[in-house]
Amino acid sequence: MDVGSVKPGETRKIQNICIQYDAGRLVGYTESINGDLEVRLVCGKEPVYDQCFPVELRPFDEISHYGGDRPLSAAFVQPNHPEIIRLLSRISQIRGQKYGNYDIDGYYGGKEGQIQLVSSMFQAVREQEISYVLSKPSGTAGYQRIRLADELLREKQANCMDMTLLFASLLEGMGLHPLVILLEEHALAGFFTGPDSFSQPVFTDIAELHKRMARDVGSIMVFECTLARKGSAASFEDAVRSAQKTLLGAKRLEPSLDIYRARQGGISPLPSRFTRTDIFVEADKKTGQICETMPKTPEMKKEDTVKAYQAPDRMERWQNDLLDMTARSALVNIPVSSAGRGALP
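What you see is a predicted model; the values in this text were computed from it and never measured. (Residues numbered from 1 in each chain as written. Predicted model: local features only at pLDDT ≥ 70, side-chain atom pairs only at ≥ 80, totals over all residues. Heavy atoms only, no water.)

(A) Examining the overall build of the chain more closely. Secondary structure assignment for the chain yields nine helices and 13 strands. Sorting the 345 residues of the chain into buried and exposed places 34% on the buried side. Restricting the contact set of the chain to residue pairs at least 6 apart, pairs at least 24 apart contribute 62%. Looking at the chain as shown, the accessible area adds up to about 22700 Å², and 52% of this sits on carbon and sulfur atoms. (Helix = DSSP H or I, 4+ residues; strand = E, 2+ residues; numbered from the N terminus. Buried < 20%, exposed > 50% of the residue type's maximum accessible area, 1.4 Å probe, protein only. Contact = heavy atoms within 4.5 Å. Areas by Shrake-Rupley, 256 points an atom, 1.4 Å probe, with all protein chains shown as cover.)

Take a look at the structure:
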């Protein structure tokens, strides 16, 4: 990048440096690797500064338990993962069979509708027959390897953190505001019973959590995710009671996550990784080596071609201005007053 002219003795602060990297290659790493970041300053063709800084590249499925990195853990909640979408379809079926309502309607169904959704969700996960297993080896203190939805449902194995992130993904996919509640060596899932959130993406106040979970307030519901494992006959109500008992006996919270607030802060889900079924693998007839071939693209018919865009004439532009239905029109874009109601212009 060009930093322009720098006079002798002048200090120039460089911000927003765009570092290009091979994302496809980095995603393929399953273990951490060490590397170097080289910074080189060149004046014309003459190098005037050159220094390397050691960097450690962590695997894509590794979560950090360091406080400053905690908001980034919200990226492991993936509501749009294909496996999550598949489970949401099953949740709809279960709700329809039990309650006569097939909707995935989030907060629009009221408190009763939320209970129906999360109860159906708990049953759908329990049907997957997931066995409890210890965490995958990480090799570095303060980090934990995570089984994302595709690996978890393929291998049928998970620990409390894996299950909590799975449930949080489903909760967000159903339109609820999920919580990832972390204790010492344990994790629980929860959600707001209304479209609410904490003021920050990370919270540690266990007294505030107890208050919001109280029966007379009831703005947060927490449940024990591991009771949905294979061999368990627990219901969702049992999971709620178990989580309440666990939290009442806890002295403090580890930095826990409000997923909705993290999304507002710009933490997006990780891109989904799954096996494509439209890529065929075949052996080369001459060499015998395996090569990938893409399916043939259907030929474009003449009538399918896109017509060239033609700019509207003056009469069309005048008519469009009269019938302006965009947000620029004061008749459509009604401002919202401080009371929350639309104020007519």
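Picking up where we left off.
(B) Spotlight on the packing of helix α2 (residues 82-99) against helix α5 (residues 160-173). One way to put it is that α2 packs onto α5 with a least axis distance of 10 Å and a crossing angle of 65°. Overall, the two elements α2 and α5 adopt an arrangement that is roughly perpendicular. Of the two possible hands of crossing, α2 and α5 adopt the one that is right-handed. Together, Ile84, Leu87, Leu88 and Ile91 of α2 and Leu166, Ser169, Leu170 and Gly173 of α5 make up the contact between the two elements. Residue composition of the contact of α2 with α5, grouped by class: six nonpolar, two polar and no charged. (Axes fitted to C-alpha atoms, helices over the stretch in contact; angles between N-to-C directions. Parallel < 35°, antiparallel > 145°, perpendicular 65-115°, else oblique. Left-handed = near helix turned anticlockwise from the far one by under 90°. Nonpolar A, V, L, I, M, F, W, Y, C, P; charged D, E, K, R; others polar.)

(C) Geometry of the sheet that holds strand β8 (residues 186-192). Pairing is antiparallel across the open sheet formed by five strands, whose spatial order is β9-β11-β7-β8-β10. Pairing within the sheet leaves two strands with one partner each, and these edge strands are β9 (202-203) and β10 (220-223). By the bridge criterion, four bridges tie β8 to β10 in an arrangement that is antiparallel. Of the residues in β10, the one forming a bridge with Gly190 is Val222. Across the sheet, α5 is in contact with β7 (177-183), β8 and β10; its angle to β8 comes to roughly 10°. Strands in contact with helix α7 (residues 236-248) are β7, β8 and β10; relative to β10, the strand with the most contacts, it is inclined by about 95°. (Pairing = 2+ DSSP bridges.)

(D) Geometry of the pairing of strand β1 (residues 33-43). Both β1 and strand β2 (residues 46-57) contribute to a ladder of eleven bridges, which runs antiparallel. Opposite Cys43, over in β2, you have Glu46 as the bridge partner. Connecting β1 to the next strand, β2, in antiparallel fashion are two residues, including Gly44 with a positive phi near 70°.

(E) Seen up close, the side chain of Gln116. Mapped onto the fold, Gln116 is located in helix α3 (residues 110-126). Setting aside chain neighbours within four positions, we find Gln116 in contact with Arg95 and Tyr99.

(F) Quick look at α3. Look at α3: 25 Å from first C-alpha to last across 17 residues, which is about the 24 Å you get at 1.5 Å a residue. Restricting attention to buried positions, one finds in α3 the residues Gly113, Gln114, Gln116, Leu117, Val118, Ser119, Ser120, Met121, Phe122, Ala124 and Val125. Where α3 is buried, its residues contact α2, α5, β8, β10 and α7. (Expected span 1.5 Å × (residues − 1).)

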